[in-house]
Amino acid sequence: MTKNNQEMQENNISFSPTDPTVPVPTPDMGASRVVNADNQGQPVIVIHDVHKIYHLGQTRVPALRGVSLEVSAGEFVAVRGPSGSGKSSFMNIIGCLDRPSKGSYWLTGKEVSRLSNYELARVRNRLIGFVFQGFNLLSRASAQSNVELPMIYAGLTKEMRQRRARQALQLVGLGTRMDHKPAQLSGGQQQRVAIARALVNSPSLLLADEPTGNLDSRTSVEVMAILQALNQQGLTIVLVTHEPDIASYASRQVIFRDGRLIRDEPISNPRDAQAEWDILSTQNPDEDY
Ligand code: ADP
Ligand code: MG
């Protein structure tokens, strides 16, 4: 497969992680909580000796070669590694978009590595929120409508959807921008809408794949400040980035090379994105936040 094809395929996978044909079984959808801070310290992800082999005609492409990892509720983990090292293959598996060829995966205590596509989609819709590099917002819909979308699939009443969407948008600092369409928002604000959309079903895990990849460094700080604030409220986050600078806002980083996890280390002094953002905003007080 050419690099382009591969990228297109990756983009297709990531374009619609929420399958509208699969209901979201969420018992507490009416509850006011948006950030899921349940079971702090308990394992959210337990991956044991996972392998992923792609078959291209007669060729076997080993993308993951025995990866094991545990992530507990409340952690903020950055996944790094050079291109081709297996990051996307790994994220597709932890995001329940794909299954391992070998090995096991428990998500919030339930083994998901052998589920059918339908069951996998149910688990995904219920437990995982996704944020991507290209915000994937509907351009003709307001911020509020974009955030309501995953709840339409979940079958919530209009009143409940509106209430939760407002809450989620307030949480990411966009309480006064709810009627704006994406084109009327800055890049950082659009990514914040996408983060609010990822949160409305109260996922146990937020997966962010290069969420600052399309943003300048100043706007990246803005987005990382939101992610850090959500993590401080207890949200579990796994973020893929190729930038060491961005990884240094997390509290732990794991590094892939050639389909293996070669390093797993705490970040002893994570950068404080909110403090950096405060300084940036006073330097440019005219900028619209
Ligand atoms: P990264 O995200 O770190 O760039 P990937 O997980 O995309 O790494 O790729 C790991 C390896 O698996 C690479 O050699 C890549 O070419 C291969 N690969 C990824 N996706 C596919 C696929 N759908 N079919 C065949 N090979 C693939
Ligand atoms: Mg990739």
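Refer to the preceding data block for the structure.
Note that the coordinates shown come from a computational prediction; the quantities given were computed from them, not determined experimentally.

As for the sheet that holds strand E6 (residues 128-132)
- An order of E6-E7-E8-E3-E9-E10 is seen for the six strands of this open sheet, with the pairing classed as mixed. Each end of this open sheet is capped by a strand with a single partner; those strands are E6 and strand E10 (260-266). Each neighbouring strand pair of the sheet contributes to a mean axis angle of 15°, computed without reference to strand direction.
- Strand direction decides the pairing type here: strand E3 (residues 76-80) and strand E8 (residues 237-240), joined by four bridges, are parallel. Paired with Val77 across the strands is Val238, a residue of E8.
- Packing against the sheet, helix H6 (residues 187-199) makes contact with E6 and strand E7 (205-209), and its axis sits at approximately 165° to E6.

Quick word on the packing of H6 against helix H7 (residues 217-232)
- Viewed as axis vectors pointing N to C, H6 and H7 meet at an angle of 25°, and their least axial separation amounts to 9 Å. Classified by the angle their axes make, H6 and H7 are roughly parallel. As for the relative orientation of H6 and H7, their crossing is right-handed in sense. Contacts between H6 and H7 involve Gly187, Gly188, Gln191, Arg192 and Ile195 on the former and, on the latter, Thr219, Glu222, Val223 and Ile226.

Examining the site of ligand 1
- Of all residues adjacent to ligand 1, which total 15 residues, the nearest are Tyr54, Ala63, Lys87, Ser88 and Ser89.
- Going through the elements one at a time, helix H1 (3-15), strand E1 (43-56), strand E2 (59-72) and helix H2 (87-94) are the ones with two or more residues in the shell around ligand 1.
- Broken down by element, the shell around ligand 1 gets its largest block of residues, three residues, from H2.
- Residues belonging to the shell around ligand 1 are distributed by class as follows: five nonpolar, nine polar and one charged.

So, unusual backbone geometry
- Phi angles above zero are rare outside glycine, and Asp49 is one such case at about 50°.
- Following the sequence through the fold, Asp49 ends up in strand E1.
- Positive phi values are uncommon outside glycine, yet Thr108 reaches one of about 40°.
- Assignment of secondary structure puts Thr108 in the loop between strand E4 (102-107) and strand E5 (110-111).

Regarding the nonpolar core
- Formed by 74 residues in total, the largest nonpolar core has its most connected members in Val79, Ala168, Ala196, Leu207 and Val238.
- The element that contributes the greatest number of residues to this core is H7, accounting for seven residues.
- Among residues more than four places away in sequence, those in contact with Ala168 are Val34, Val147, Ala196, Leu199 and Val200.

Details of the sheet that holds E5
- If you trace the four strands from one edge of the open sheet to the other, you get E2-E1-E4-E5, paired in antiparallel fashion. Two strands lie at the open edges of the sheet, namely E2 and E5, each paired on one side alone.
- Where E1 and E4 come together, five bridges link them in antiparallel fashion. Within E4, the residue paired with Ile45 across the bridge is Leu107.

The rules behind the values
- Residues numbered from 1 in each chain as written.
- Chains lettered and ligands numbered in written order.
- Predicted model: local features only at pLDDT ≥ 70, side-chain atom pairs only at ≥ 80, totals over all residues.
- Pairing = 2+ DSSP bridges.
- Helix = DSSP H or I, 4+ residues; strand = E, 2+ residues; numbered from the N terminus.
- Axes fitted to C-alpha atoms, helices over the stretch in contact; angles between N-to-C directions.
- Contact = placed C-beta atoms within 7 Å.
- Parallel < 35°, antiparallel > 145°, perpendicular 65-115°, else oblique.
- Left-handed = near helix turned anticlockwise from the far one by under 90°.
- Near = placed C-beta within 6 Å.
- Nonpolar A, V, L, I, M, F, W, Y, C, P; charged D, E, K, R; others polar.
- Core = buried A, V, L, I, M, F, W, Y, C linked by C-beta atoms within 7 Å.
- Buried ≥ 20, exposed ≤ 12 C-beta atoms within 10 Å, placed from the backbone.

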